[in-house]
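Residue-level structural notes
Each chain, letter by letter, is given below.
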Amino acid sequence: MANSNTPDIIYTKVDEAPELASASLLPIVKTFAAAAGVSVGTRDISLAGRIIATFPEGLSEDQRQSDDLAALGELVKTPTANVIKLPNISASVPQLEEAVAELQAKGYNIPSYPADPQTDAEKDIRARFDAIKGSAVNPVLREGNSDRRAAKAVKAYAQSNPHRMGKWASDSKTHVSTMGANDFFSNEKSATLPAAATARIELVEADGTTTVLKDGVSYPAGTVVDATFMSVKALSAFLAAQITEAKEQGVLFSLHMKATMMKVSDPIIFGYAVRAFLAPVFDQYAGELAAAGANPNAGLGSLLEAVESAPKAAEITAAIEAALKDGPPMYMVNSDKGITNLHVPSDVIIDASMPALIRAGGKGWGPDGNEADAKCVIPDSSYAPVYAASIADCKANGALDVATAGTVQNVGLMAQKAEEYGSHPTTFEAPADGVIRMVLDNGDVLHEHTVEKGDIWRSASTRQAPIEDWVQLAIDRQALEGCEAIFWLDENRAHDAELLKYVRPLLEKAGVADKFQIMTPEAATVQSFATIRAGKNSIAITGNVLRDYLTDLFPILELGTSAKMLSIVKLMQGGGLFETGAGGSAPKHVEQLHGENHLRWDSLGEFCALGESLKFLGQTRDNPKALVLGEAVDAATQGILDNDKSPGRKVGQPDNRDSHYFFARYWAEALAAQSDDAELAAHFAPIASALAEAEAEITADLAAPQGKPADTGGYYRNDDAKTAAVMRPSKALNDIIG
Ligand SMILES: NC(=O)C1=CN([C@@H]2O[C@H](COP(=O)(O)OP(=O)(O)OC[C@H]3O[C@@H](n4cnc5c(N)ncnc54)[C@H](OP(=O)(O)O)[C@@H]3O)[C@@H](O)[C@H]2O)C=CC1
Ligand SMILES: O=C(O)CCC(=O)C(=O)O
Ligand SMILES: [Mg+2]
């Protein structure tokens, strides 16, 4: 709950590149905000922090920490919430294991992740880890729907300073392959509950044996409840065919999944791809692999590690290498290090990976270190057509012209664990052949599917209030922008048809039905590309997964990166959650900082979020000083763009730290120059001059350490003092900031 100890603004402590950036930016933010009486505090939602909070029993008093995520989860349900949320790790199993190992090495008595829990104690530990895994933070904090777009200044900057785009050849062999049958899309059933209900999910076998998979799932009246499944026989056949076809076509084999956000279903699908690629190895060494604890769902990297300790290690490793050689060339994460697409389930994440490939002209990196065309395997056909249509558009019309293209904004349905965010506890691998059914407490069977053992069954739900809030947000945004607005909904898809039963009457009631179009995702992709190629704008009004996909796809094409996006979550209870950018936590950037002390993370998303957060504070708490601070942030952000002060990509170029120096300086200058608050102007005038006068000294201080390795004392759990030393190397700057 919000109380007197809750800071005015919460700035989240996260992981990887954004957390390193915070070590430099946050002291500036705190100092500037304090001048206006605004307190800025942190709450730890990092992977390491969440692990520590979950396993206090083995820890000493000073090692323990509070469950900040749970506290924030309560705070976002209050009208005073004002949270700046940076991207955090949604952990795959390998990331979770690495984080645990690092904490153990640092003296934290945390249990290891039980891959195959047997005892009750192990099962309890595993259940607690499962709650940390994957998208465990965003669904808790996102108590509102999503409004993501490029701020006008950011879009204008991209148009006048277009980033490099790969060329698209009309005869490019790059293409999307998807199942189209026996998948989540084609098996979906959906219904809207007329009254509140509680459901039981059970498997009924042919002989009547009934296994309850989940009991007591409760829904308020008006909830849209979906159920669907993917046949793993069909999946395996599909994957095997794609591997053969990629080899015949001479293109890279690539698999694009969201194993983090779809944390139960997608690692399983990923595991089937690993099995398919290594089919001869799994045929010959099934027993040995099982005995070694090899888990294909955790990726090829983890499998290779497990095999190392097997009795026939050399023989199996050789067989794996032979299978890899015999297959098509694989799309690589790092060809220098031999890290393939299938090594770690969280390395290639579809929202970022597909747009990057499209931006590059349909090219991926092959094992030989060269760019090549690729087969993009996206097993489920729900949203694969969006990428297929994007690729078709680029083949026909060439790469997007960044200088003239309009923009696609997004209004995404996301609140209260809407749609896929709510599917984590209701996804199962069928334990046997039979019928999986959802039975309501009144005895009605809501949905049922005939499944085979291993089939991946899942249910997602979407509540009425979030749907209504989402439609209203779309109406408000369209009224403000006055541009094309499309609901990306497919009448012929079960879930979308249920949503449309809400959408159409709400639009009619508001008298704005003529301002909106309703199109399948594929048709909407085609139209949106045509719209932006003509220099006009469009608002994509979508469900949760398309929100995720489109807010990387269009920004990465239009702006070069989704890091520059404004990402606002208008919380349903009146508070504000301001996310920074739309991208991830950029592990590659950490590697570069550790290797050569250059951080290319662009904090533009943080600047945009900070401005919004301060202005929101000003408006909701009647705090004119916060409003002045927020408007000055916008001016500083504009200054960063106008003067080209964003970080360079290469060592030796000004980096994230330099951009923060200029941000502080432009912010102070804007505060000194404004006339709404004389006290603030007087306070910041000397700071602005001091920052300007010390430019040569500060930029020299910031440049000096670059080129050498940097030690932050950890990866998942940095040492604060070491990180501060790396990220704040300018005494002159630190003295002014204080
Ligand atoms: N909201 C959230 O909390 C989100 C969290 N994630 C998590 O982040 C992790 C990595 O995700 P992944 O999808 O691989 O994406 P990355 O974070 O690796 O981003 C992909 C690429 O985008 C570019 N990029 C992203 N952000 C910035 C930035 N601020 N400045 C400059 N460039 C940027 C970088 O390109 P280049 O290398 O070319 O510079 C980067 O390598 C995962 O753990 C994932 O779960 C992902 C999405 C959202
Ligand atoms: O919640 C997650 O795991 C990732 C979310 C994400 O990628 C996004 O919101 O764009
Ligand atoms: Mg995303």
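This text follows the structure it describes.
So, here is what we can say about the structure in this document. (Residues numbered from 1 in each chain as written. Chains lettered and ligands numbered in written order. Predicted model: local features only at pLDDT ≥ 70, side-chain atom pairs only at ≥ 80, totals over all residues. Heavy atoms only, no water.)

**Points about the site of ligand 1**
- Taken together, 24 residues lie near ligand 1, and S585, A586, R600, D602 and R649 sit nearest.
- In this structure, N88 approaches ligand 1 through a main-chain N or O atom, which is 3.0 Å from an oxygen atom.
- Between a nitrogen atom of ligand 1 and a main-chain N or O atom of D602, the distance comes to 2.8 Å.
- For ligand 1, whose free accessible area comes to 880 Å², the fraction covered by protein is 86%.
- Sorting elements by how many residues they give to the shell around ligand 1 places helix α20 (residues 587-596) first, with 3 residues. (Near = heavy atom within 4 Å. Polar contact = N/O pair within 3.5 Å; in protein donor to acceptor, adjacent residues only side chain to side chain. Areas by Shrake-Rupley, 256 points an atom, 1.4 Å probe, with all protein chains shown as cover. Helix = DSSP H or I, 4+ residues; strand = E, 2+ residues; numbered from the N terminus.)

**Some words on the sheet that holds strand β15 (residues 408-412)**
- Here 10 strands make up an open sheet; going across it, the order is β2-β1-β3-β24-β23-β4-β15-β22-β20-β21 and the pairing mixed. Two strands bound the open sheet, and with one partner strand each, they are β2 (40-44) and β21 (517-519). Averaged over all neighbouring strand pairs, the angle between strand axes comes to 25 degrees, with direction disregarded.
- Bridging between strand β3 (residues 82-85) and strand β24 (residues 576-580) involves 4 bridges; their strand directions are parallel. In the strand pairing of β24, I84 is matched with F578. (Pairing = 2+ DSSP bridges. Axes fitted to C-alpha atoms, helices over the stretch in contact; angles between N-to-C directions.)

**As for the packing of helix α16 (residues 464-481) against helix α17 (residues 494-509)**
- Running from amino to carboxyl end, α16 crosses α17 at an angle of 45 degrees, the nearest separation of the two axes being 10 Å. Considering the angle they form, α16 stands oblique to α17. In the crossing of α16 with α17, the sense of the turn from one axis to the other is right-handed. Touching Q464, I467, E468, W470, V471 and I475 of α16 are L499, Y502, V503, L506 and L507, all from α17. (Parallel < 35°, antiparallel > 145°, perpendicular 65-115°, else oblique. Left-handed = near helix turned anticlockwise from the far one by under 90°. Contact = heavy atoms within 4.5 Å.)

**Section: the pattern of salt bridges**
- Counted under the stated rule, the structure contains 39 salt bridges.
- For D44, the salt bridge goes to R717, with nearest N and O atoms at 3.5 Å. Highlighted residues: D44 in strand β2 and R717 in the loop between α25 (695-703) and α26 (720-727), separated in sequence by 673 residues. Each member of the pair D44 and R717 is classed as buried.
- One salt bridge connects R128 with E57, and the closest N-O pair in it is separated by 2.9 Å. Here the residue R128 occupies a position in helix α5 (residues 120-130), and E57 occupies one in the loop between α2 (47-54) and α3 (68-75), the gap between them amounting to 71 residues.
- Linked through salt bridges whose partners overlap, the residues forming this network are D147, R149, K152, R477 and E481. (Salt bridge = Lys/Arg side-chain N within 4 Å of Asp/Glu carboxyl O. Buried < 20%, exposed > 50% of the residue type's maximum accessible area, 1.4 Å probe, protein only.)

**Concerning the side chain of D548**
- Within the secondary structure layout, D548 lies in helix α19 (residues 544-558).
- Judged by relative accessible area, D548 falls into the buried class, the value being 5%.
- With near-sequence residues (within four places) excluded, D548 lies in contact with K258, M261 and D351.

**What to know about the environment of I320**
- Mapped onto the fold, I320 is located in helix α13 (residues 313-326).
- Residues I320 and L278 lie 42 residues apart in sequence; the distance between their C-alpha atoms is 6.5 Å.

So far we have only geometry, and geometry alone does not tell us how the molecule works.
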